Amino acid sequence: MIYLEKRPQPARALSYVTPVLAVLITMVAGGLLFAILGKDPVEAIRTIFWDPVFGEFSFYYRPQLLVKGGPLILIALGLSLGFKAGIWNIGAEGQYIMGAVAGAGVALALYPLEAWWIFPLMVIAGALGGWAWAMIPALLKVKFGTNEILVSLMLVYVAENFLKAMAIGAMKNPEGFGFPGSRNLQQYPSAHNTEIIAGSGMHWGVAAAFIAAIMAYILLNRHLLGFQIRLTGEAPRAARFSGVKPGRLVLFCMGTAGALAGLAGMFEVSGPAGQITTGFNVGYGFTAIIVAFLGRLHPIGIVLAGLLMALTYIGGEAAQSTMQLPAAAIQVFQGMLLFFLLAVDVLTNYRIRITLGEAA
Amino acid sequence: MLLKKRTFLAGAATIAALTALSTGAALAQDKTKVGFIYVGPINDGGWSQHHHESALKMVEEIGEDKVELVYQENVPEGPDSERAMTQMALQGADIIFSTSFGYMDPTLNVAGKFPDVKFEHATGYKTSDNMSAYSARFYEGRAVQGTIAGRMTQSNIIGYIASVPIPEVVRGINSAYIHAKKVNPDVEFKIIWLYTWMDPAKEADAAKTLIDQGADVILQHTDSTAPLAAAKEAGGVIGFGQAGDMADYAPSPRVSSIIDNWAPYYISRVEAVMDGSWESHSVWEGIGDGMVGIGEITDAVPEDVKAEALAMKDAIASGEYHPFTGPLKKQDGSDWLAEGEVADDGTLAGMMFYVEGIEGSVPQ
């Protein structure tokens, strides 16, 4: 008989090992999948994991890792605070959109004025846009006890439609011959989120992600609020007795997550994307949920997980265009990563017991 | 300011490095490397599939020993497409086709970084020294479609599943309406905007809604076969293939189709790169050039209607007839084209208004 026995405490060492283990298992299973598709598995895995970082064109791909990973990290950090306290904000995608719309809105309203304060103002507007969108499910939860999972998720679809309305309506480029999409902020110097060091991929959003990681680390480890967040997640009753006000915690966690997602959207629209378009959002808000868990809800873990996730995207694309692997195979591969992470997690919380049957 | 200047200089250095590498890679091989990026999966049965099939036909025509095709499907519009194209250029692509409107600015960015690589962007309006724009006069096909729809409808209600409110889609609605009205003055259009090019679930819902509202002909500007499936399920409703022939649904509900046939264009452009005659341009080709095809009109359509539709097709192909010929008024009743006057390409390119008789408004 093989059965699972719950550990009294999750195994600490294992919780660090399991993400690495999950990546390794994904490589093996993914390799098998690619082999079944008739592609060389070793080459495929190398194209996905090795070439972007160390290959011939790594000078281009390394910066791209930051560009792709930046928003993921920024959003995941915000989400992790709530997730630690058992507050489930699933609507980061919507908050990301609203941040982008608010930030771009400021820029487009001021166009073609050139001034140093425009970009800082856009940053504030972006954070506020995301924060306000997250406050809707937060306030509804605190006041009326609604389920924040449902409300925040549904608001993603509202935000998507709002985005489309903006792209074909109020924010449409007046010089765009009736086509949807705003002016390109990359061509508006005061509003352009430039790379801090050119060619490095390090735009202001990436810098913000790293700063946010440090702040989150300090908050969780050195601050009373961080302690309350952890306590609420691990022992809600104990938290209540120790004077934690759950309502305020909900507002704080949702608000922070919303503001960070909004910032991510704002940095994206003013930098790599450049425009408000009908298809501006590409799922960062949802992928960030995976990143948050892959990173163990730990700030440093999230930074690493964000970069890893970015690597699977970029390497996956490279494998598509160089090896003609189908896009769906890459998506399955990314899905495997989360699946195996959750699967090996069992080992952190449970012990495997092997006995020789009941009779013995 | 100082920072900006440094940024610029460093940026220039990166571009130089990128260019040097790309030419180096291009010299290392004799085959012409052709890149394609698609917005949907290559088996979507519509837009992306047709670009891909045309690309494959191009390879077949020119010869696998002379061209190498690389492609990436499901590429989101925005920074991801910029990376996809940069990736192809770095790996030595000589010409890259970006096959969706939303790739326009990203294509322009990448074209700026790789002056030796040729870029071809579908359905946009921006061009540069090494970036062309190409598009098809789908409204010519809509005229044929409108004629059949107007003749075939019993309920006099024609449903139209519109995708994204851009001039191309608005032109299609106008062209179909004008020609349906011409053969059937009682015809009425019901239009549903989906704000997406492809979403089978939404398309099916839209088709069902239109059928519930009495439509017995469904026209679609979205790419999946879901509306045809809905028409088949409802029974007594006909539709048309969009982008692809969608022949699986023939002879009914699919009675004909508008086919995007990019192959002749792709062949000529890749050959131009090979013999060094490639130049940037902006073209808009129709039935006459073979870019817009009319799929077989099935026996579900009476012989006389079929003959009328084919005559329309031939007249457009020969240039004898233009689908937007006056007298035509705008929706608000103001004059647009006088008797015998033909719309100019500039107005058509930016057409964001309905013609007289269509109800509702263009979302904007």
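Please read these numbers as outputs of a predicted model, since none were measured by experiment. (Residues numbered from 1 in each chain as written. Chains lettered and ligands numbered in written order. Predicted model: local features only at pLDDT ≥ 70, side-chain atom pairs only at ≥ 80, totals over all residues.)

(A) Structural context of the overall build of chain B. The number of helices and strands found in chain B is eleven helices and 14 strands. Overall, chain B is about 65 × 45 × 40 Å in size when its C-alpha atoms are taken along their principal axes. Expressed as a percentage of its 364 residues, the buried residues of chain B come to 51%. Once local pairs closer than 6 in sequence are excluded, the contacts in chain B between residues at least 24 apart make up 66%. (Helix = DSSP H or I, 4+ residues; strand = E, 2+ residues; numbered from the N terminus. Buried ≥ 20, exposed ≤ 12 C-beta atoms within 10 Å, placed from the backbone. Contact = placed C-beta atoms within 7 Å.)

(B) Fine view of the overall build of chain A. A tally of helices and strands in chain A yields 13 helices and two strands. Taken over the C-alpha atoms alone, chain A extends approximately 85 × 60 × 35 Å along its principal axes. Out of the 360 residues in chain A, the part that is buried amounts to 50%. Sequence separation of at least 24 residues holds for 78% of the intrachain contacts in chain A that already meet a minimum separation of 6.

(C) Structural context of helix H7 (residues 204–222) of chain A. Residues and elements named next belong to chain A. With 19 residues, H7 ought to run about 27 Å at 1.5 Å a step, and its terminal C-alpha atoms sit 26 Å apart, in line with that. If you check which residues of H7 are buried, you get Gly-205, Val-206, Ala-208, Ala-209, Ala-212, Ala-213 and Ala-216. Around the axis of H7, the buried residues are gathered within 145 degrees of arc, so they sit on the same side. Those residues of H7 that are exposed and aimed more than 90 degrees away from the buried face are Ile-211, Ile-214, Ile-218, Asn-221 and Arg-222. Check the buried side of H7 and you find it contacts helix H3 (58–84), helix H10 (246–270) and helix H12 (299–323). (Expected span 1.5 Å × (residues − 1). Arc of directions from axis to C-beta.)

(D) Representation of the domain arrangement of chain B in the model. Residues and elements named next belong to chain B. Partitioning chain B into domains gives domain 1 (2–136) and domain 2 (139–259 + 293–349). If you average the C-alpha positions of domain 1 and of domain 2, the two centres end up 33 Å apart. Counting residues at the interface gives nine residues for domain 1, matched by eleven residues for domain 2. Classifying every residue of the side of domain 1 that touches domain 2 gives two nonpolar, six polar and one charged. (Domains from an automatic or database assignment. Nonpolar A, V, L, I, M, F, W, Y, C, P; charged D, E, K, R; others polar.)

(E) Spatial organisation of the sheet that holds strand E3 (residues 95–98) of chain B. All names here are of chain B. One open sheet accounts for six strands, arranged E2-E1-E3-E4-E5-E11; its pairing is parallel. Among the strands making up the open sheet, the edge pair consists of strand E2 (67–72) and strand E11 (282–285). On average, each strand axis in the sheet is inclined to that of its neighbour by 20 degrees, with strand direction left out of account. In the sheet, strand E5 (residues 131–136) pairs with E11 via four bridges, with the strands oriented parallel. Note that in E11 the partner of Tyr-134 across the bridge is Val-283. Sitting on the sheet, helix H4 (residues 104–113) is in contact with E3, strand E4 (118–122) and E5, with an inclination near 175 degrees to E4. Across the sheet, helix H9 (residues 263–274) touches strand E1 (32–37), E2, E3, E4, E5 and E11, and the angle it forms with E1 is around 140 degrees. (Pairing = 2+ DSSP bridges. Axes fitted to C-alpha atoms, helices over the stretch in contact; angles between N-to-C directions.)

(F) Fine view of the packing of helix H5 (residues 138–152) of chain B against helix H6 (residues 167–183) of chain B. Residues and elements named next belong to chain B. One way to put it is that H5 packs onto H6 with a least axis distance of 7 Å and a crossing angle of 35 degrees. Here H5 and H6 pass one another in a crossing that is right-handed. Taken together, the residues of H6 that come into contact with H5 (itself represented by Phe-138, Tyr-139, Arg-142, Ala-143, Gln-145, Gly-146, Thr-147, Ala-149, Gly-150 and Arg-151) are Glu-168, Arg-171, Gly-172, Ser-175, Ala-176, Tyr-177, Ile-178, His-179, Ala-180, Lys-181, Lys-182 and Val-183. Per-class residue counts for the contact of H5 with H6 are nine nonpolar, seven polar and six charged. (Left-handed = near helix turned anticlockwise from the far one by under 90°.)

(G) Structural context of the sheet that holds strand E9 (residues 238–243) of chain B. Residue and element names in this part refer to chain B. Pairing in this open sheet of six strands is mixed, and the strands run E7-E6-E8-E9-E10-E12 from one edge to the other. Where the open sheet ends on each side, the last strands, each with one partner, are strand E7 (188–193) and strand E12 (292–295). In this sheet, adjacent strand axes meet at a mean angle of 15 degrees when their direction is disregarded. Bridge count between strand E6 (residues 157–162) and E7: six bridges; the pairing is parallel. Bridge pairing in E7 links Ile-157 to Glu-188. In the packing of helix H8 (residues 226–234) onto the sheet, contacts are made with E6, strand E8 (217–220), E9 and strand E10 (254–260), and the angle to E9 comes to roughly 165 degrees.

(H) Structural detail: the environment of B:Met88. With respect to the helices and strands, the residue B:Met88 is situated in helix H3 (residues 79–90). Along the sequence, B:Met88 and B:Lys181 sit 93 residues apart, while their C-alpha atoms lie 47 Å from each other.

(I) Region of the structure containing the interface of chain A and chain B. Taken together, the contact pairs 32 residues of chain A with 36 residues of chain B. Counting only elements with at least two residues in the side of chain A that touches chain B, the list comes to H3, helix H6 (148–168) and H12 of chain A. Considered class by class, the residues forming the side of chain A that touches chain B number 14 nonpolar, 14 polar and four charged.

(J) Summary view of the packing of H3(A) against H12(A). Residue and element names in this part refer to chain A. Running from N to C, H3 and H12 point in directions that differ by 135 degrees, and their axes come no closer than 7 Å. Judged by the angle between their axes, H3 and H12 are oblique. Viewed along their axes, H3 and H12 form a crossing whose handedness is right-handed. Residues Tyr-61, Gln-64, Leu-65, Lys-68, Gly-69, Leu-72, Ile-73, Ala-76, Leu-77 and Ser-80 of H3 pack against Pro-299, Ile-302, Val-303, Gly-306, Leu-307, Met-309, Ala-310, Leu-311, Tyr-313 and Ile-314 of H12. Considering only residue class, the contact of H3 with H12 consists of 15 nonpolar, four polar and one charged. (Parallel < 35°, antiparallel > 145°, perpendicular 65-115°, else oblique.)

(K) Quick look at unusual backbone geometry. The linkage connecting B:Ala250 with the following residue, B:Pro251, adopts the cis geometry, with an omega of -5 degrees. Inspection of the secondary structure assignment puts B:Pro251 in the loop between E9 and E10. Backbone geometry at A:Leu297 places phi at a positive 55 degrees, although glycine is not the residue there. Although it is not a glycine, B:Thr123 sits at a positive phi angle of roughly 65 degrees. For B:Thr123, a count of 21 C-beta atoms within 10 Å puts it in the buried group.

(L) Layout of the environment of A:Val106. Residue and element names in this part refer to chain A. Checked against the element boundaries, Val-106 lands in helix H4 (residues 92–110). Val-106 sits 13 residues away from Phe-119 along the chain, and the two C-alpha atoms are 9.0 Å apart. Apart from residues no more than four positions distant in its own chain, Val-106 is found in contact with Leu-121, Met-122 and Ala-125.

(M) Just H4(A), in detail. Counted at 1.5 Å a residue, the expected span for H4(A) with its 19 residues is 27 Å, and the 27 Å between its end C-alpha atoms agrees. Among the 19 residues of H4(A), 17 are classified as buried, and the element is accordingly described as predominantly covered.

(N) Layout of the pairing of E10(B). All names here are of chain B. Counting buried positions over the seven residues of E10 gives seven, a clear majority of the element. Alignment of E9 against E10, held across five bridges, turns out to be parallel. Bridged to Gly-239 within E10 is Arg-254. Sheet topology places E10 next to E12; four bridges connect them, and they run antiparallel. Bridge pairing links Asp-260 to Val-292 in E12.

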